[in-house]
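Overview (structure and organization)
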Amino acid sequence: MAAALTAARRRLLRAALRPQAVWIPQAGISHDAERLHLPPPPPAKYGGRHTVTLIPGDGIGPELMLHVKEVFRHACVPVDFEEVRVNSEAPEDDVQNAITAIRRNGVALKGNIETNHNLPPSHKSRNNLIRTSLDLYANVIHCQSLPGVETRHQDIDILIVRENTEGEYSSLEHESVAGVVESLKIITAGRSRRIAHYAFGLARAAARRSVTAVHKANIMKLGDGLFLQCCQEVAAEYPEITFRSMIVDNTTMQLVSRPQQFDVMVMPNLYGNIVNNVCAGLVGGPGLVPGANYGHDYAVFETATRNTGKSIANRNIANPTAALLAACMMLDHLRLHSHASTIRQAVLASLDDPRTHTPDIGGQGTTSGAVQSIISHLPRA
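Quick caveat, the model's predicted, so the values are computed rather than measured.

1. Focus: the environment of Val107
Within the secondary structure, Val107 is located in strand 3 (residues 107-110). A residue is classified by how much of its surface remains accessible, and Val107, at 0% relative accessible area, is buried. For the pair formed by Val107 and His50, sequence separation is 57 residues and the distance between their alpha carbons is 9.6 Å. Not counting residues within four places of it along the chain, the set of residues in contact with Val107 comprises Pro42, Thr51, Val52, Thr53, Ile102, Ala299, Phe301, Met330, His333 and Leu334.

Structural data, given as structure tokens:
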């Protein structure tokens, strides 16, 4: 066991020290990022059409992906989907098939795959396998107040950048003696600087004023201390952007008290999971917020909270907003900005009508009703 852990640490270290390009997304936030020197999206083929890997996932994922296809068809989006089925109990061969498809196409749209904690420790999260195998190091969500959605706070507009490949999600655990488990949290300087550069580069491209690094360096002085130090060093390279740091427990309190103070936030893996969910709750819930995972070569788009929605699957009450906005982020990434803007405007226009609101945001509408309302707001072909 010790030898295996040592080998795993060496692999993590080698990967962390490899030089990486910083990739800023065209995430429906600002197209200014295109003025930077960025890797191009996968080229179109077959008469200007793009091929995208589609992973429906578990829970509400399959039905929402069908609705995305329906909206794309009515909006005449030049995208063809290569569908790959992966669920929570799928063998690793199925996961590898999905990873191969993403490598082939360069981009994917994904429903969440359930991670069952009752499975044996040897069973790895399928979501995590996809992220780490493709080195999708930056998880980005745009949490903003949406029209027609009643919430306690208004005027929220936060970009959250989460390190996606290490920290508590390193999958390095062992039982030292009976009843004593060690779970390793890996923080490396290479990956901490990489995600900090990403966050500051995104802030600059999106004309944002400040970046807040979230940490627990007062307790984890070495691990989170290293992350914070790397963020401070990178901040010095962006003098026009205000930098501050905040302990994670205070961050959650500040978010629910005065979220408008935050602009861009950057944090290690587990804190990002917590903050993403808090922020999604602030603007109306998991059905409203899209997310993206970016690496040097690949991009995977999904809902922000990675919630399967198993309890409401096949009941026609799931909110399609997050899945459709994630699809719009994907279209922006493919530089199909006109199609992304058309669908995004239709989604937001539909939210203005309370009759289309699904139960998660206080309405009595259905998934199919919301989708038909969105389609009715698309321009006539």
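2. Points about the pairing of strand 9 (residues 242-247)
Where strand 8 (residues 210-215) and strand 9 come together, 6 bridges link them in parallel fashion. Residue pairing for strand 9: Ser210 is matched across the bridge by Thr242. The handedness of the strand 8 to strand 9 crossover, carried by helix 6 (residues 223-235), is right-handed.

3. A word on the side chain of Thr321
Take Thr321: it is sitting in helix 9 (residues 321-333). Thr321 gets classed as buried once you look at its relative accessible area, which sits at 4%.

4. A short note on the state of the cysteines
Inspection of the entire model under this criterion finds 0 disulfides. Here Cys230 is not cross-linked by a disulfide; its sulfur's nearest cysteine counterpart is in Cys231, at 7.1 Å. By relative accessible area, Cys230 is classed as buried at 1%.

5. Remarks on the sheet that holds strand 2 (residues 79-83)
Two pairing modes exist for strands in a sheet, parallel and antiparallel, and in both the strands are linked by backbone hydrogen bonds. What the 10 strands build is an open sheet, ordered 2-1-3-12-11-4-5-10-8-9; its pairing is mixed. In this open sheet, the two strands that pair with only one neighbour each are strand 2 and strand 9. Across the sheet, the mean angle from the axis of one strand to that of its neighbour is 25°, orientation sign disregarded. Note that strand 1 (residues 50-55) and strand 3 share 3 bridges and pair parallel. Bridge assignment links Leu54 to a residue of strand 3, and that residue is Leu109. Sheet strands in contact with helix 2 (residues 61-74) are strand 1, strand 2 and strand 3, and its direction is about 160° off that of strand 2.

6. Quick notes on empty space enclosed by the protein
Following the criterion strictly, the structure yields 3 cavities of 30 Å³ or more and no others. Its volume calculated, the largest cavity comes out at about 80 Å³. Taken together, Asn319, Pro320, Thr321, Val347, Ser350, Leu351, Thr356, His357, Thr358, Ile361, Ala370 and Ile374 form the lining of the largest cavity. For the lining of the largest cavity, the secondary-structure elements that each account for two or more residues are helix 10 (337-351) and helix 11 (367-376). Looking at the lining of the largest cavity element by element, the count peaks at 3 residues for helix 10. Classifying every residue of the lining of the largest cavity by side-chain character gives 6 nonpolar, 6 polar and no charged.

What counts and what doesn't
Residues numbered from 1 in each chain as written. Predicted model: local features only at pLDDT ≥ 70, side-chain atom pairs only at ≥ 80, totals over all residues. Heavy atoms only, no water. Helix = DSSP H or I, 4+ residues; strand = E, 2+ residues; numbered from the N terminus. Buried < 20%, exposed > 50% of the residue type's maximum accessible area, 1.4 Å probe, protein only. Contact = heavy atoms within 4.5 Å. Pairing = 2+ DSSP bridges. Right-handed = clockwise from strand over helix to strand, strands pointing away. Disulfide = S-S within 2.5 Å. Axes fitted to C-alpha atoms, helices over the stretch in contact; angles between N-to-C directions. 1 Å grid on protein atoms, 1.4 Å probe; cavity = no way out; pocket = protein on both sides within 12 Å on 5 of 7 lines; lining within 4 Å. Points joined across faces, edges and corners; volume = space filled by probe spheres on them. Nonpolar A, V, L, I, M, F, W, Y, C, P; charged D, E, K, R; others polar.

Everything listed is a geometric property; what it means functionally is a separate question.
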